[in-house]
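# Summary of the model geometry
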Amino acid sequence: MFPLDTQNSPAAPRRRPHELAMRAALVAVLSWLGAALAAPRWREVSANGSWPDPRFSHTAVVTPGGEMLLFGGNTLDAVNHLFAFNFARAEWTRIKPQGEAPAKRYGHSAVALGDGRMLVFGGFNGSFLGDLQEYTPTRCDGDVCSPPLWQRLSCVGTPPCARDGHAALLLPDGRTMLVIGGFDGKHCLRDVHALDTETLTWRQITATGEGEAAMPAPRYLHTVAPCTGSSVFLMF
């Protein structure tokens, strides 16, 4: 899907930290009350626990267990911290899983799987990364619980090249992760790769469009979102 044109793709300059006031009050909720009651509104959420430092280019995913996992980012240096925000308790927790932690990074992607695991791909920390990391939360069988765990996954097939600033999403089938676009250090990209999260097999997707104008331009730092109940996704 959207084959890569390495000859005509413009090189993107490395982004640099913006001169902005990064605040630790990072949790906010957009409340939709309905047109009959009130307009949508933002509100800042008060929370307890061990807060993440202010950062940018991190990832955040919501798990089926009712937590938001925040990983990595840039706090004026790349980090590999993992935090969980519990919605019910409005509480942050710093998680320190067993296993070898992923390299520090920002500009990566992450998706949450239906069983609570999180997959992290790519990013940048001075070098462009192309690894796939898996976080598994605490598992309990009766009174016996296993600790949370990081592990690097070995995959087969045709993986994406190392990159940052890409976008990723999990399709409604619950097992296919797409990685789209990004920046490899020389070119903006528009290629699409699919990972079967059960067999850990990568493949590059090739799709047709109605002429070159219908194909998305190479890009990075973009967003994608799935359309509910279908394999269609929107990219902006």
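See above for the structure.
In every chain, residue numbers begin from 1 and rise along the written sequence. Confidence filtering applies because this is a predicted model: local features only for residues at pLDDT of at least 70, side-chain atom pairs given and counted only at 80 or more, and all residues used for totals across whole chains, interfaces and linings. Processing note: side-chain calculations cover all non-hydrogen atoms of the structure and skip hydrogens and water entirely.

### Focus on the overall build of the chain
As a reminder, the rule being used: Helix and strand assignments follow DSSP, with helices taken as H or I runs no shorter than four residues and strands as E runs no shorter than two, numbered in order from the N terminus. For every residue, the accessible area obtained with a 1.4 Å probe (protein chains only) is divided by the maximum for its type, and the residue is called buried under 20%, exposed over 50%, and partly exposed between those limits. Only the protein chains shown count as cover for residues, with accessible areas throughout obtained via the Shrake-Rupley method and a probe of 1.4 Å.
A count of helices and strands for the chain gives zero helices and 20 strands. Burial status across the chain gives 43% buried among its 236 residues. If you sum the accessible surface of the chain, you get close to 12800 Å²; carbon and sulfur atoms cover 53% of it.

### Comments concerning the sheet that holds strand S8 (residues 109-112)
Adjacent strands of a sheet form backbone hydrogen bonds with each other and so pair up, either parallel or antiparallel. We count it as follows: Strand pairing requires that DSSP identify at least two bridges connecting the strands. To obtain each axis, a line is fitted to C-alpha atoms, and for helices this fit is confined to the stretch in contact; angles are then taken between N-to-C directions over 0 to 180 degrees.
Taking strand neighbours across the sheet as the criterion, the four strands line up as S8-S9-S10-S13 in an open arrangement whose pairing is antiparallel. Each edge of the open sheet carries a strand with a single partner, namely S8 and strand S13 (149-152). Between one strand and the next, the sheet's axes are offset by a mean angle of 20 degrees, whatever the strand orientation. In the sheet, S8 pairs with strand S9 (residues 118-124) via four bridges, with the strands oriented antiparallel. Residue pairing across strands places Ser-109 opposite Phe-121, the latter belonging to S9.

### With respect to the environment of Val-79
Where we set the bar: What makes two residues a contact is simply this: any of their non-hydrogen atoms within 4.5 Å.
Tracing the backbone shows Val-79 in the loop between strand S5 (67-71) and strand S6 (82-86). In this structure the C-alpha to C-alpha distance between Val-79 and Lys-104, which are 25 residues apart in sequence, comes to 4.5 Å. Beyond its immediate stretch of four places on either side in the chain, Val-79 contacts Arg-55, Gly-72, Gly-73, Lys-104 and Arg-105.

### Structural notes on the nonpolar core
Rules: Grouping buried Ala, Val, Leu, Ile, Met, Phe, Trp, Tyr and Cys residues that are joined through side-chain atoms within 4.5 Å yields what is termed a nonpolar core.
With 13 residues, the main nonpolar core has Val-111, Leu-119, Leu-132, Met-177, Val-179, Leu-195 and Trp-202 as its most contacted residues. Sorting the residues of this core by element identifies S9, strand S15 (167-170) and strand S16 (176-183) as the ones contributing at least two each. When residues no more than four places from it in sequence are discounted, the contact partners of Val-179 are Phe-121, Pro-160, Arg-163, His-166, Ala-167, Ala-168, Asp-191, Val-192, His-193 and Trp-202. Core analysis: the next-biggest nonpolar cluster, separate from the first, contains 12 residues, Ala-110, Ala-112, Met-118 and Tyr-135 among them.

### A short note on the pattern of salt bridges
Note that side chains of opposite charge can pair when their charged atoms are close. Basically, it comes down to this: Basic side-chain nitrogens of Lys or Arg form a salt bridge, by our definition, when they fall within 4 Å of a carboxyl oxygen of Asp or Glu.
Tallied over the full model, the rule gives eight salt bridges. In this structure, Arg-117 and Glu-134 form a salt bridge, with 2.5 Å as the shortest nitrogen-oxygen distance. Within this pair, whereas Arg-117 is found in the loop between S8 and S9, its partner Glu-134 is found in strand S10 (residues 128-136), the two being separated by 17 residues in sequence. Judged by its relative accessible area of 6%, Glu-134 is buried. Each of Asp-115, Arg-117, Glu-134 and Arg-139 takes part in salt bridges that share partners, so that together they form one network.

### Description of the layout of surface pockets
As a reminder of what qualifies: Every definition here rests on a 1 Å grid over the protein atoms only: cavities are sets of points where a 1.4 Å probe fits but cannot get out, pockets are open sets enclosed by protein on both sides within 12 Å along at least five of seven lines, and lining residues have some atom within 4 Å of a point. Grid points are joined across faces, edges and corners, and a volume is the space filled by probe spheres set on the points. Note on residue categories: nonpolar means Ala, Val, Leu, Ile, Met, Phe, Trp, Tyr, Cys or Pro, charged means Asp, Glu, Lys or Arg, and polar means any other residue, Gly included.
The volume enclosed by the largest pocket comes to roughly 310 Å³. If you go around the largest pocket, you meet 15 residues; those closest to its centre are His-108, His-166, Ala-167, His-222 and Thr-223. Those elements giving two or more residues to the lining of the largest pocket turn out to be S8 and S15. Looking at side-chain class alone, the lining of the largest pocket contains five nonpolar, 10 polar and no charged residues.

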